Amino acid sequence: MHTSITRQEIFIRFALVLVCAGFWRGELNYFSFPLLIIACLMDSGLYRLHQALKLPLVQAIVLLCTLLLVGLLWSELPDHGKMKWVKYFMLLMLIPFYLLLNKERMPWAIGGLITGYLLVLGLGVYQWQVTGEQGIALLNMSYLSFSAMLGAGAIVSVGLACMSRSVPLAVVLWIVAIALIYVQFHQYGRVLLLATLMAIVLQAYLRYKLDIRKFFGIFAAVSIAAGIFAYSSPAFQERLLLVKSDIELLQGGNYSSSLGYRLAMWDVGLHGIAERPWTGYGTGTPGRYFDTTIQTYKNGLYKDLPAFQKTSHYHNDWIEIGMHIGIAGLLALLFLYWAWYQTFRRIGLGLLGAGLVSYVFLAGLTDAFLIFSRMPVLLLVITAIAMRWQQQKPERI
C-alpha cells in the first residue's frame, strides 16, 4: 500500500541527512543544528524528552553541560577570542538526533553519514596524494581532525568485523580498517594513530581472549602491518625526527616545541587544579590563567610560550575540565566515559563501545578531544544510530 510522505517528514529527513553529511564543514552546524532542534520539536520531541533523559549517556552530557553553565558564576568575563568551552554543548545534539530516529528514517541517517564520510575521506586522500598536504583545506580540517576521523572509522570497522558472523564480511571490514590505518600513517597525528592501534588491539583481545592463539595472530598481523606502514611513510619518519628534535630542545630548557608545549601546559594546568581543586577557575577562564601564571611560575620558565603558540586549551580533556570546574567536572567526565561504554554494552555492542570509548579516552590524554568539533558529533551520531538499530531488531522479520 502506497503511503504519501508529509512535508513535515520530508523536513525531518532533510535535517537528519544534513547533520549526518554536513557536520564536517563547521559553518554548516550553525544551520543544521537549529534545523535538527526544530525538526525534533515538530516531531513532538518535548513530549518524548523523558525517553532520552533515561539514557545514562544523555544524563552524563546534561550534567557536564550544567556544571559548565554553573561555572560561569565564578568565572571572569569571557575572553574576546574563541570560546572553546562552548563546543562542549555540541554534545547535547545527541538528544534531538536520538529522538528523531526511527525505522523509516534510519536509512536516511545512515546514508548521510556514510556518504559524508566517504566524501571527506576522498578529499583527504586526494589532497595527500596530489598536493602532498595534510588535512583538508576545503573543509578547513586540520591533519589532527582528519587523522581522528580515520581512526574512528578503523575502530568501527574492526568492531563490526569482530562481531560479524559472516566471515567474508569480517574480512572486508578488516581490509577497510587496514586501508584507513594506512592513510592515517601518512598523517602527522602521532598520538591519534597510537590511540587507534591500542583501541583495535583492545577490541581484538576482548573478542578472542578465550582463544589466545588467534588473538596473538591478529596482534602479530597488526604489528607487522604497522611496521610496514611506518617504514614506508615519509610523514611518520618526519614525525619521529621531530620527536627527537623536541627532546633535544627540552634537554636545553627550550619548551617551544610540540612536546615541550604540552608538558608546560600540563604542568601549569595541574598546578592550577591543585590550587583550586573544588571549583576550578570558572568556565572560560583557564586560558587566561595560563597566560598570567607563566610570567612568574618556575621563575618564568614558560613565559615565552604564547609567542610559540597562542593559548587555546590544555591539550588534555581531564586538565581542561578540571581547570574549568574542578573535581565536580572531573567526576562528570568520568561518568561520561562510563555511561558511553555502558550505552554500547547494554545493547550488545560492548566490543564496539570499548574500542570507541578507549579511543576517546586515549586521544583525550594529549588533546582536548571532546572539543574537536567534528569528532564528538561523529561518535555521537554513530552511538545514536547503534542504539536505535539494536532497539528495532526484534521488529525486523
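This text goes with the structure placed above it.
It should be emphasised that the depicted structure is a prediction, and the values quoted were computed from it without experimental measurement.

Caption draft 1: The overall build of the chain, seen in detail. When helices and strands are counted, the chain shows 17 helices and 0 strands. Taken over C-alpha atoms, the radius of gyration comes to 22 Å for the chain, in line with the 21 Å a tight globule of 397 residues would show. Referenced to the eigenvectors of the C-alpha coordinate spread, the extents of the chain come out at roughly 80 × 50 × 45 Å. Scored against the burial criterion, the 397 residues of the chain give a buried share of 52%. Sequence-distant contacts in the chain: of pairs separated by 6 or more residues, those separated by 24 or more amount to 75%. Summing over all exposed atoms, the chain offers an accessible surface of approximately 19200 Å²; the carbon and sulfur share of this is 67%. In the chain, which carries 30 positive and 19 negative side-chain charges, the distance between the mean positions of the two groups comes to 11 Å.

Caption draft 2: Layout of unusual backbone geometry. Here the phi dihedral of Ser-44 falls at roughly 60°; this positive angle occurs in a residue that is not glycine. When you line up the elements, Ser-44 lands in the loop between helix 2 (29-42) and helix 3 (49-53). In this structure Ser-44 comes out as partly exposed when scored by relative accessible area, which is 36%. The phi dihedral of Lys-298 is positive, around 50°, even though this residue is not glycine. For Lys-298, the position within the fold is in the loop between helix 13 (286-293) and helix 14 (305-308).

Definitions and limits used
Residues numbered from 1 in each chain as written. Predicted model: local features only at pLDDT ≥ 70, side-chain atom pairs only at ≥ 80, totals over all residues. Heavy atoms only, no water. Helix = DSSP H or I, 4+ residues; strand = E, 2+ residues; numbered from the N terminus. Rg over C-alpha atoms; globule rule 2.2 N^0.38 Å. Buried < 20%, exposed > 50% of the residue type's maximum accessible area, 1.4 Å probe, protein only. Contact = heavy atoms within 4.5 Å. Areas by Shrake-Rupley, 256 points an atom, 1.4 Å probe, with all protein chains shown as cover. Lys, Arg positive; Asp, Glu negative; His and termini not counted. Charge placed at Lys NZ, Arg CZ, Asp CG, Glu CD.

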